[in-house]
Amino acid sequence: MASQPPVHEPTSTPQRRQFLGRLPLPERNFLAEALRTETVGGVLLLTAAVIALIWANVWPDAYQSVLNHTVGPSAPLHLDLTLGTWAKDGLLTIFFFVAGIELKREFVAGELRSPSAAMLPVIAAVCGVVLPAVLYTVVNAGPGGHPSGWAIPTATDIAFALGVLAVVGSHLPSALRAFLLTLAVVDDLIAILIIAVFYSSGIKFWALGLAFVGLALFWFLHRRGVHGWYLFVPLAFVIWALMHESGVHATVAGVAMGLMLRCHREGDEEHSPGEHIEHLVRPLSAGVAVPVFALFAAGVGISGPALREVFTQSAPLGIVVGLVVGKSVGVFGGTWLTARFTRAELNPQLKWADMFAVSVLAGIGFTVSLLIDELAFPDDQALADRAKAAVLVGSLICALAATVLLKLRNRHYRELCEEEDRDLDGDGIPDVYQLDDPAWQSRMAAQGQPTDGRLTDGRPADSRPTDGQPTDGRPADAGPTRPADQGRDEAR
């Protein structure tokens, strides 16, 4: 009897999840608004840093006099602080408050809500913290090293990065901007944990306990639906003052209050309380708090010998190596390895070179790095100044390198951004989110425009994720997109 040929059962190839795919429309709109504010704040931050450098080098005595001017009551909670300390411990609490809300929202409605989607930015952020710390420690392992500054090169400054993008005019697609923002949010969480665990000392438990009581009251009033800035702002100040008195860094209070806000919508709410408060406070953080902190923190003497010391002394050299090499390799390597072993597929419109450019941009570690510098070397002002200079040099190198890398692909980025924003029918919703909408197809046909997913110049417009999900974030079986006017309301 002749043997029968073997029968091969059809096998299904596991679908690969897409990395850096098109964002759902509501998330894209929220991101655009948030990054618009951060971009303006980034330009102000750059301006404040330049003013600080000029002021500290041309009129150093006047700069130090203002920086060390004491304001505030000495009793009952020792709030007689210098203006530099008010900027570091006070204004940056507003920055970390917004970071806490961002983190909460990412867990509830953003990239971190799904473990599979969160894995890439979280691992990238962790690798972008660990490798700079390791490189700094290696450089400072010998005699004369200063290992206490290991955390200085671990932070990413999203405002500074976006300010650089605004100045150089780079058109970065929303998916890359979203990744950079999520990376910075996780990075901020790690930074505040580092500050709370490694840079807090002399804990006064009575003050810390009262701060926790204040946080519990803050949470209770918020959850009970109590409103009124005249109630929450004084309560927040009391919590901050108690946290400052306790010996735990006062910015921890900001993150804690931000995490307590509700960031999911209930009933017919158009925006959650957390989103509403973030919308109100973010301009204050990006436009006032962070630039003023930069004005008081970035003023260091710049001279030939000072710049030589950045590359010849162990502490500042470790910071530069950590920011330039550690951040870039850590973020990119963590992302590539995670994508490799989780079978995540990069968006076909982008290349790994784009991801590397963003990783280099993540090496800009201005605001939080300067804060940790103040905490790492509290008793050695000369060393702290050299470390600040190293932060500025390392961030500048990363900014210039990222600018070159992004400019090489800027024409392609501009085309992607134009595609994302194109709205031929003028209904307020980009056309790439309506390719499956019969009403949109009818309007396009009436205008003589193609409706097969191609733009007027013949380029394909529908870059669908490979997992079969439509570009508007709906499940594959959700049916046609709702009418344009209803979709517009939801996007808002």
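Given the structure is predicted, the values throughout are model-derived calculations rather than measurements.

A description of the overall build of the chain should follow, citing residues and the corresponding values.
Helix and strand counts for the chain come out as 18 helices and four strands. Within the chain, the fraction of its 492 residues that count as buried is 50%. Pairs at least 24 apart in sequence give 78% of the contacts found in the chain among residues at least 6 apart. As presented, the chain carries roughly 22,300 Å² of accessible surface, and 64% of it is formed by carbon and sulfur atoms.

So what's going on with a nonpolar patch on the surface? Residues and values would help.
A contiguous nonpolar patch, built from Val226, Trp229, Tyr230, Leu231 and Val233 and spanning about 550 Å² of accessible area, is present on the exposed surface. Along the chain, Leu231 falls in helix α8 (residues 229–246).

Kindly report on the packing of aromatic side chains, identifying the contributing residues and their values.
Counting across every chain of the model gives nine aromatic pairs. Between Trp229 and Tyr230 the ring centres are 6.2 Å apart and the planes differ by 75°, which places this aromatic pair in the edge-to-face class. Note on accessibility: Trp229 and Tyr230 belong to one class, exposed. Ring plane angle 90° and centroid distance 6.0 Å describe the contact between Phe332 and Trp352, whose orientation is recorded as edge-to-face. In this pair, Phe332 is assigned in helix α12 (residues 314–342) and Trp352 in helix α13 (residues 352–361), connecting sequence segments 20 residues apart. With relative accessibility at 22%, the residue Phe332 sits in the partly exposed group. With a relative accessible area of 25%, Trp352 lands in the partly exposed category. Counting every residue linked through ring pairs, the aromatic cluster contains Trp86, Phe237 and Trp240.

Account for the packing of helix α6 (residues 174–198) against α13, with residues named and values stated.
Between α6 and α13, the shortest axis-to-axis distance is 11 Å and the interhelical angle comes to 40°. By the angle between their axes, α6 is oblique relative to α13. Note that α6 runs across α13; the crossing there is right-handed. Here Leu176, Phe179 and Leu180 of α6 come into contact with α13, specifically with Asp354, Met355, Val358 and Leu361. Taken together, the residues that form the contact of α6 with α13 break down as six nonpolar, no polar and one charged.

Describe the nonpolar core, listing the residues and the values that go with them.
A general trend in soluble globular proteins is that nonpolar side chains are found buried together. Leu20 and Phe366 are the most contacted members of the largest nonpolar core, which totals 124 residues. With 14 residues, the top contributor of residues to this core is α6. When sequence neighbours within four positions are dropped, the list of residues in contact with Leu20 reads Ala175, Leu176, Phe179, Leu346, Asn347, Leu350 and Met355.

Can you break down the environment of Ala133 residue by residue, with the values?
Examined against the element boundaries, Ala133 turns out to sit in helix α4 (residues 115–139). Note on Ala133: relative accessible area 11%, which makes it buried. When the C-alpha positions of Ala133 and Ile319 are compared, they lie 8.8 Å apart, and in sequence the two are 186 residues distant. Ala133 has contacts with Trp150 and Thr154, leaving out every residue within four places of it along the chain.

Describe the pattern of salt bridges, naming the residues involved and giving the relevant values.
Scanning all chains against the criterion turns up eight salt bridges. Residues Glu102 and Arg282 are paired through a salt bridge, measuring 2.6 Å at the closest nitrogen-oxygen approach. Residue Glu102 is found in helix α3 (residues 83–108), and its partner Arg282 is found in helix α10 (residues 273–297); the two are separated by 180 residues along the sequence. Across this residue pair, the class does not change: Glu102 and Arg282 are buried. The salt bridge involving Arg409 is made with Asp354; its shortest N-O contact spans 2.8 Å. Here Arg409, found in the loop between α15 (381–408) and α16 (410–421), pairs with Asp354, found in helix α13; they are 55 residues apart in sequence, far enough to count as distant. One salt-bridge network, held together by shared partners, links Glu102, Glu278 and Arg282.

So what's going on with the side chain of Thr335? Residues and values would help.
As for its placement among the helices and strands, Thr335 is situated in helix α12. When its relative accessible area of 0% is taken as the criterion, Thr335 is described as buried. Polar contacts involving the side chain of Thr335 include one to the main-chain carbonyl oxygen of Val331, which spans 2.7 Å. Apart from residues no more than four positions distant in its own chain, Thr335 is found in contact with Phe19, Leu120, Ala124, Phe179, Trp352 and Met355.

Break down the environment of Gly202 for me, with residues and values.
Counting through the fold element by element, Gly202 comes out in the loop between α6 and α7 (205–223). If near-sequence neighbours (up to four positions away) are discounted, Gly202 is found in contact with Ser246 and Gly247.

Just give me the short version of the environment of Cys417, but keep the residues and values in it.
Looking at where Cys417 falls in the secondary structure, it is placed in helix α16. Residue classification places Cys417 among the buried positions, given a relative accessible area of 13%. Measuring from C-alpha to C-alpha, the distance between Cys417 and Pro173 comes to 5.7 Å, with 244 residues separating the pair along the chain. Contact partners of Cys417, with chain neighbours within four places excluded, come to His171, Leu172 and Pro173.

Could you give an account of the confidence of the model for the chain, naming the residues involved and the relevant values?
When pLDDT drops low, the exact placement of atoms in the prediction is not to be read closely. In the predicted model, the chain carries a mean pLDDT of 79, and the fraction of residues at 70 or more is 83%. No element of the chain has a lower mean pLDDT than helix α18 (residues 484–491), at 40, and none a higher one than α7, at 92. Contacts from residues 1–14, a stretch scored under 50 in pLDDT, to residues over four places away or in other chains number one contact. Between residues 453–492, whose pLDDT stays under 50, and residues either more than four places distant or in other chains, the model counts 82 contacts.

Give a description of α8 that names residues and reports values.
Over its 18 residues, α8 extends 25 Å from the first C-alpha to the last, a length consistent with the 26 Å expected when each residue adds 1.5 Å. Every buried residue of α8 is listed here: Phe232, Leu235, Ala236, Ile239, Trp240, Ala241, Leu242, Met243, His244, Glu245 and Ser246. As for α8, its buried residues are in contact with β3 (81–82), α3, α7 and α9 (251–260). Phi turns positive one or two residues past the end of α8, at Gly247, with a value near 100°.

With reference to specific residues and values, describe the packing of α13 against α15.
Running from N to C, α13 and α15 point in directions that differ by 160°, and their axes come no closer than 8 Å. One way to sum up the angle between α13 and α15 is to call them roughly antiparallel. The hand of the α13/α15 crossing is left-handed. Residues Phe356, Ala357, Val360 and Leu361 of α13 touch α15, and the partners they reach there are Cys398, Ala401, Ala402, Leu405 and Leu406. When grouped by side-chain class, the residues that make up the contact of α13 with α15 number nine nonpolar, no polar and no charged.

Calculation rules
- Residues numbered from 1 in each chain as written.
- Predicted model: local features only at pLDDT ≥ 70, side-chain atom pairs only at ≥ 80, totals over all residues.
- Heavy atoms only, no water.
- Helix = DSSP H or I, 4+ residues; strand = E, 2+ residues; numbered from the N terminus.
- Buried < 20%, exposed > 50% of the residue type's maximum accessible area, 1.4 Å probe, protein only.
- Contact = heavy atoms within 4.5 Å.
- Areas by Shrake-Rupley, 256 points an atom, 1.4 Å probe, with all protein chains shown as cover.
- Patch = residues over 30% accessible without salt bridge, like charges linked within 9 Å, V, L, I, M, F, W, Y side chains within 5 Å.
- Salt bridge = Lys/Arg side-chain N within 4 Å of Asp/Glu carboxyl O.
- Phe/Tyr/Trp six-rings, centres within 6.5 Å; stacked < 30°, edge-to-face > 60°.
- Axes fitted to C-alpha atoms, helices over the stretch in contact; angles between N-to-C directions.
- Parallel < 35°, antiparallel > 145°, perpendicular 65-115°, else oblique.
- Left-handed = near helix turned anticlockwise from the far one by under 90°.
- Nonpolar A, V, L, I, M, F, W, Y, C, P; charged D, E, K, R; others polar.
- Core = buried A, V, L, I, M, F, W, Y, C linked by side-chain atoms within 4.5 Å.
- Polar contact = N/O pair within 3.5 Å; in protein donor to acceptor, adjacent residues only side chain to side chain.
- pLDDT = per-residue confidence, 0-100.
- Expected span 1.5 Å × (residues − 1).

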